[in-house]
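Examination of the molecular architecture
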Amino acid sequence: MQLDAPSPTRPLRHRLRSAACLLLASGACAGKATAQSGNTQLDTSTLFYTERGRTTVVEPMVRLTRSLSDGQSFSAQLVLDAMTGASPTGATPSKIAQTVTSASGSTSTTEALKVPVSPFRDFRGALDFDWVRPLGLVTPTTSAHVSRERDYRSLGASEVVSIDLMQRLTTLTVGGGYNSDEVTPIGGTPIGLSDGSVRTQGSNSKRVASGTIGLSRVLTRRWLVGVTGTRIAERGYLTEPYKVVSLLDSVGTPSDQLTEKRPESRSRSGIEASSAYHLDQDVVYTTYRYYWDDWGIRSHTLDFKYRHELGSTTYFTPHVRLYAQTQADFFSGGLQQGVPLPTFASADYRLGPLRSGTLGGTFGFHLPKSPGELTLRVEYIHQWGKGDRGDGETGDVEGPSDDHRSSVSSTVTHPTVAPVDIGTVVLGYSVGF
Amino acid sequence: MSSHRGVLGAALLIIVIAGMNGCAAMSVHPWDRDLLAEKKMKLVPSPTERAIDDHIYFSKEGSTGGQGVGGGGCGCN
Amino acid sequence: MSVIAEAAPRPRVAPTFRLPGISSPVASDSLAGKVVLIDFWASWCEPCRKSFPWMSDLQKRRAAEGLVIVAINLDKERDKADAFLDQHPAPFLVAFDPEGKTAEAYHVSGMPTSVLVGRDGTILETHIGFDPKKAGAWDAKIAEACKR
């Protein structure tokens, strides 16, 4: 999985919110109204995603939801991904041109000072099913997921229960899920931290168990807040089979490369606090999330949206998102030749000291004399690494963390996280009938 | 260490919000829920947009946005 | 759907009210001796859309038996209530309580809430929410109250 391949499917939060809406629609309306008064809802969207000089993804999605009179609902969602482009291999940019041999035997040459990338093309499909059944104040939601791409297969199921308390002013949500994934790298699975010549055929398993607990609460007539905690345990093959770490000579020039190696377990936690505040007509949404895991990564995410009403059915919502993460303990910009190898090492920039800023907006409107709502969202994301001056020029990058677990020393003077510019456009359409 | 702080922080937030019992229950009557009844008054106003965002950032960053439960599907980070 | 039927050991006297109506005020003392079904509703309340056709049918059928329906609106903005009434005909009394004082007096804890008041002015039963499947049973209880 060398790509910035798209993710899973419907996050927990999505399921939580759908569950809550339908629950409150079934009889006693003490807060939220239904999404629609019909029986069937169609939601469809297409994401166009492009990174400058790297990956391009087109992702259409279609979702059908059928509601019954007793409040139960069933939905099915299909997401397809078509991905092409080039993905960083993890090799260190060098002052001279580098030639890399890919898993399938083809070679590619990277110009001096450019981040070495590897071309790819992949296709992914994912199917999700949800079943919501309101039982008075308790609403369980059962979900199933299956997805497939060339070298990755995922199967998952989850159960989330939301409980309304205190005249439906408070909602408690508890859920758990399990995923069984299989990674079958093209060309076989290389041994970690080796030259990659010895490969085992067959698949590697990855199991993910997750749990979540959340509480949402009406504070005033205008203000809704919520807190959610998530804990995820991953076990199995967590390494990126196509990514490498450079071996550097005494002056820091990459002279060779090794396959990367990550631990076989990962414990991840997150806590998210969110708020929705209704002004006269407009609504302000704020979310803050703190994440930490046992690989040494800690991150802060701050998300801000302002929905501005332009008419009865038209609105514009500007959006700002700020993100910062610390690097993984075994994150390395390059391993020193001659020094004993560490237990784990990865140069995957996604485990590095990342910063990211997003600026965009969504425009929502209805076509005249037509049911259903259309949305158009345009966003720009800039991602860079701490230590990188953001202009792409070389600069001193901080070494690995002071954590004693890290035994990698790096003399890299190039940015290990090159800045990326990303543009996304999402076209959406929702209609009930 | 940071793990304990995180869990403590989470517990504290949940206790504080749960404890706002008295205040909220008194002031927000069922007939005061007009604004809250609007479709856009949700913590996640557009689940589709949220799913797309979680997906993009999950692939590009090292954290996961709470989509662990039942999600999964790629080894991208 | 949650339906809470209250049968209090000592019947509670229905609180009085005097509220503006569509053309003239609606006062509880003018309803003495009648069986009154008070329905607390609002334009933003989804189940209320289904309850209105049922209530208009109920009013027509049982008017002769002495049933009077009073639908008390709790919208904060009058034009929202008017828009709802344009779409859902209400051939029964409609009163407006934007400040919710009458709703508070009746301990309204969900929307909609319907309160059945007997001829003696005491609260017989309260229902929270509207479930079309349970409407038949509710109708039977109202018929019984009319017979007393």
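One numbering rule holds for all chains: residues counted from 1, following each sequence as written. Chains and ligands are labelled by the order in which they are written, letters from A for the one and numbers from 1 for the other. Only residues with pLDDT of at least 70 get local features here, since the model is predicted, and only at 80 or more are side-chain atom pairs given and counted; chain-wide, interface and lining totals rely on the full set of residues.

1. Points about the overall build of chain C
Test applied: Counting from the N terminus, the helices are the DSSP runs of H or I reaching at least four residues and the strands are the DSSP runs of E reaching at least two. We compute the radius of gyration over the C-alpha atoms and compare it with the globule rule, which gives 2.2 Å times the number of residues raised to the power 0.38. For the exposure call, what matters is how many other C-beta atoms sit within 10 Å of a residue's own: 20 or more marks it buried, 12 or fewer exposed, and in between partly exposed, using C-beta atoms placed from the backbone. What counts as a contact is two residues whose backbone-derived C-beta atoms lie within 7 Å of each other.
For chain C, the count of helices and strands is four helices and seven strands. Along its sequence from the N terminus, chain C presents helices and strands in the succession β-β-β-α-β-α-β-α-β-β-α. Taking 15 Å as the expected radius of gyration for a compact globule of 148 residues, we find that chain C reaches 14 Å, a close match to that expectation. Scored against the burial criterion, the 148 residues of chain C give a buried share of 41%. Sequence separation of 24 or more characterises 71% of the internal contacts of chain C that already satisfy a separation of 6 or more.

2. A look at the overall build of chain A
Secondary structure assignment for chain A yields one helix and 23 strands. Burial status across chain A gives 51% buried among its 433 residues. The long-range share in chain A, meaning contacts at least 24 apart out of those at least 6 apart in sequence, stands at 62%.

3. Examining the interface of chain B and chain C
The criterion, for reference: Classification convention: Asp, Glu, Lys, Arg as charged; Ala, Val, Leu, Ile, Met, Phe, Trp, Tyr, Cys, Pro as nonpolar; all other residues, Gly among them, as polar.
With five residues of chain B at the contact, the number on the chain C side is twelve residues. Partitioned by chemical class, the residues of the side of chain B that touches chain C number three nonpolar, one polar and one charged.

4. Thoughts on unusual backbone geometry
The omega angle of the peptide bond from Met111(C) to Pro112(C) is -5°, so this bond is cis rather than trans. Position of Pro112(C) among the secondary structure elements: in the loop between helix H3 (101-105) and strand E6 (113-117). Although it is not a glycine, Lys369(A) adopts a positive phi angle of roughly 60°. Phi at His107(C) is positive, roughly 55°, even though this residue is not glycine. Summarising the element assignment, His107(C) is placed in the loop between H3 and E6. Residue His107(C) is classed as partly exposed on the basis of its 13 C-beta neighbours within 10 Å.

5. Looking at the sheet that holds strand E14 (residues 244-248) of chain A
Residue and element names in this part refer to chain A. Put simply, the rule is: By the convention used here, strands pair only if DSSP detects at least 2 bridges between them.
With respect to topology, three strands assemble into an open sheet ordered E15-E14-E20, the strand pairing being mixed. At either end of the open sheet lies a strand with only one pairing partner, and these are strand E15 (254-259) and strand E20 (335-336). Two elements, E14 and E20, share two bridges in a ladder whose sense is parallel. Within the sheet, the bridge partner assigned to Leu248 lies in E20 and is Gln336.

6. As for the confidence of the model for chain A
Residues and elements named next belong to chain A. Here is the rule: pLDDT measures the predictor's confidence residue by residue and takes values from 0 up to 100.
On average, residues of chain A carry a pLDDT of 82, and 80% of them reach 70 or more. Of all helices and strands in chain A, the one with the weakest mean pLDDT is helix H1 (residues 12-25) (35), whereas strand E19 (residues 315-325) scores best (97). Low pLDDT, under 50, characterises residues 388-413; the predicted model gives this stretch 63 contacts beyond four residues in sequence or across chains.

7. A closer look at the environment of Leu247(A)
Residues and elements named next belong to chain A. On the secondary structure map, Leu247 appears in strand E14. According to the C-beta neighbour criterion, Leu247 is buried, with 20 such atoms within 10 Å. Expressed as a C-alpha distance, the spacing of Leu247 and Gly428, which sit 181 residues apart in the sequence, is 46 Å.

8. Topic: the confidence of the model for chain C
Residue and element names in this part refer to chain C. Looking at chain C, pLDDT values average 89 and 93% of them are 70 or higher. Within chain C, the element-level pLDDT minimum falls on helix H4 (residues 135-147), averaging 89, and the maximum on strand E5 (residues 93-96), averaging 95. The complex model carries a pTM of 0.83, and its ipTM stands at 0.82.

9. Some remarks on the environment of Asp151(A)
With respect to the helices, strands and loops of the structure, Asp151(A) is situated in the loop between strand E7 (138-149) and strand E8 (152-165). Along the backbone, Asp151(A) and Leu367(A) are 216 residues apart, and their C-alpha atoms lie at a distance of 42 Å.

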